[in-house]
Amino acid sequence: MSLLSVHGISKSFRGLKAVAGISFDVPQGGIVGLIGPNGAGKTTLFNMIAGVYAPDSGEIVFDRSRIQGLRPDQVCAAGIGRTFQIVKPFAGLSVLDNVIVGGLQREASVPGARRLSLQILEKLGLAAKRDLPAAALTLPDRKRLEVARALATRPRLLLLDEVMAGLRPTECDLLVEVFRDINRHEGLTILLIEHVMRAVMTLARQIVVLHHGEVIARGAPGQVVHDAAVLECYLGEETQV
């Protein structure tokens, strides 16, 4: 059963077609990777799912309800959380308070949101830094805080936009294990944009490849990374996965 279904969605900006008739499904409890070169339309696609942009055509169905055209806060309330490529926490707030802001989406009280936020920070290895101002965090910790804020909204579908970018391999591996654990034990469905193929190959069960706003390949990771079109436009003939 699909939790998210994207049917023929397109988006143009001043005549430039950023996304052209894209269709794919994300199964309930699945992990799907979205890859492709810069400018392929991946983040535009995320922004349409998350309510930043309305598609020019096509439909987006989440849990059997159409969500295209909803505002970002309505999409979040429906059960979709997301991270951003450029992390921008509330710099003047503590790490804990940043997560509490997300927790108040579902929790009716600040104490309830605080309890939830502490659990999430513990899971992501940030509990010891909960009282630090967010501005004092390193890039890897800001990335984890971005994930924590999204998880605090208690999403059923989590959109991850290049959360591994700028991280060392060991830091990527730790974050991958967090996502695998949450997916396995809590059933969280994940759709991720990622250039770090080491993470994509470990996490994703299915991969969708975009190029010039169109889907050029889809399938299991082992199949997609050997696709001739994917090698030519993105991975390169010498790529080792």
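Residue indices begin from 1 for each chain and proceed along its sequence in written order. Predicted model: local features are reported for residues with pLDDT of at least 70 only, side-chain atom pairs are reported and counted for 80 or more only, and whole-chain, interface and lining totals are derived from all residues. With hydrogens and water set aside, each side-chain value is computed from the structure's full complement of heavy atoms.

### Topic: the confidence of the model for the protein
Summary statistics for the protein give a mean pLDDT of 93 and a share of 98% for residues scoring 70 or more. Segment residues 237–241: pLDDT under 50, and 3 contacts once partners within four positions in sequence are set aside and those in other chains are kept. Per-residue confidence from the predictor is reported as pLDDT, a score between 0 and 100. The contact criterion used throughout is that any non-hydrogen atoms of two residues lie within 4.5 Å.

### Observations concerning the sheet that holds strand β10 (residues 214–219)
Sheet strands pair via backbone hydrogen bonds, and the direction of the pair is either parallel or antiparallel. Strands were regarded as paired on the criterion that DSSP finds at least two bridges between them. Helix numbers and strand numbers start at the N terminus; a helix is a DSSP run of H or I with at least 4 residues, a strand a run of E with at least 2. Here we have 6 strands laid out as an open sheet, ordered β6-β7-β8-β3-β9-β10, and mixed in their pairing. The open sheet terminates on both sides in strands that have one partner only, identified here as β6 (80–82) and β10. Ignoring which end each strand starts from, the neighbouring axes of this sheet average 20° apart. The sheet contact formed by strand β3 (residues 31–35) and strand β9 (residues 206–211) spans 4 bridges and is parallel. Bridge assignment links Val32 to a residue of β9, and that residue is Gln206. Geometry is summarised by axes, namely lines fitted to C-alpha atoms with helices restricted to the contacting stretch, and by angles between N-to-C directions that run from 0 to 180 degrees. Helix α1 (residues 42–49) contacts β3, β6, β7 (157–161), β8 (189–193) and β9 of the sheet and is inclined by roughly 145° relative to β8.

### Let's talk about helix α6 (residues 169–186)
Relative to the 26 Å expected for 18 residues at 1.5 Å per residue, α6 spans 25 Å between its end C-alpha atoms, a close match to the ideal helical length. Of all the positions in α6, only Glu171, Cys172, Leu175, Val176, Val178, Phe179, Ile182 and Asn183 are classed as buried. Taken around the axis of α6, the buried residues stretch over an arc of 155°, which confines them to a single face. Residues of α6 that are exposed and point more than 90 degrees away from the buried face comprise Thr170, Leu174, Arg184 and His185. The span one expects for a helix is its residue count, reduced by one, times 1.5 Å. Here the term buried applies to any residue with accessible area under 20% of the maximum for its type, exposed to any over 50%, and partly exposed to those in between, with areas from a 1.4 Å probe on protein chains only. Working note: the arc is built from the helix axis to C-beta atom directions.

### Quick notes on unusual backbone geometry
Notably, Asp63 is not glycine yet its phi reads approximately 50°, a positive angle. Topologically, Asp63 is positioned in the loop between β4 (57–62) and β5 (65–66). In this model, Arg154 sits at a positive phi of 55°, which is unusual for a non-glycine residue. Structurally, the position occupied by Arg154 is in the loop between α5 (139–151) and β7. Assessed through its relative accessible area of 45%, Arg154 is described here as partly exposed.

### What to know about the environment of Arg71
The topology assignment puts Arg71 in the loop between β5 and α2 (72–78). Sequence separation of Arg71 and Ile86 is 15 residues, and the distance between their C-alpha atoms is 21 Å. Pairing of N or O atoms within 3.5 Å defines a polar contact, subject to two protein rules: one partner must be a possible hydrogen donor and the other a possible acceptor, and residues neighboring in sequence count only if both atoms are side-chain atoms. A distance of 2.9 Å separates a polar atom in the side chain of Arg71 from a polar atom in the side chain of Asp73.

### Things to note about the sheet that holds strand β2 (residues 16–27)
On the basis of which strands lie adjacent, the open sheet formed by 4 strands has the order β2-β1-β4-β5 and antiparallel pairing. At either margin of the open sheet sits one strand with a lone partner, and together these are β2 and β5. As paired elements, strand β1 (residues 2–13) and β4 share 5 bridges and run antiparallel to each other. Note that in β4 the partner of Leu4 across the bridge is Phe62.

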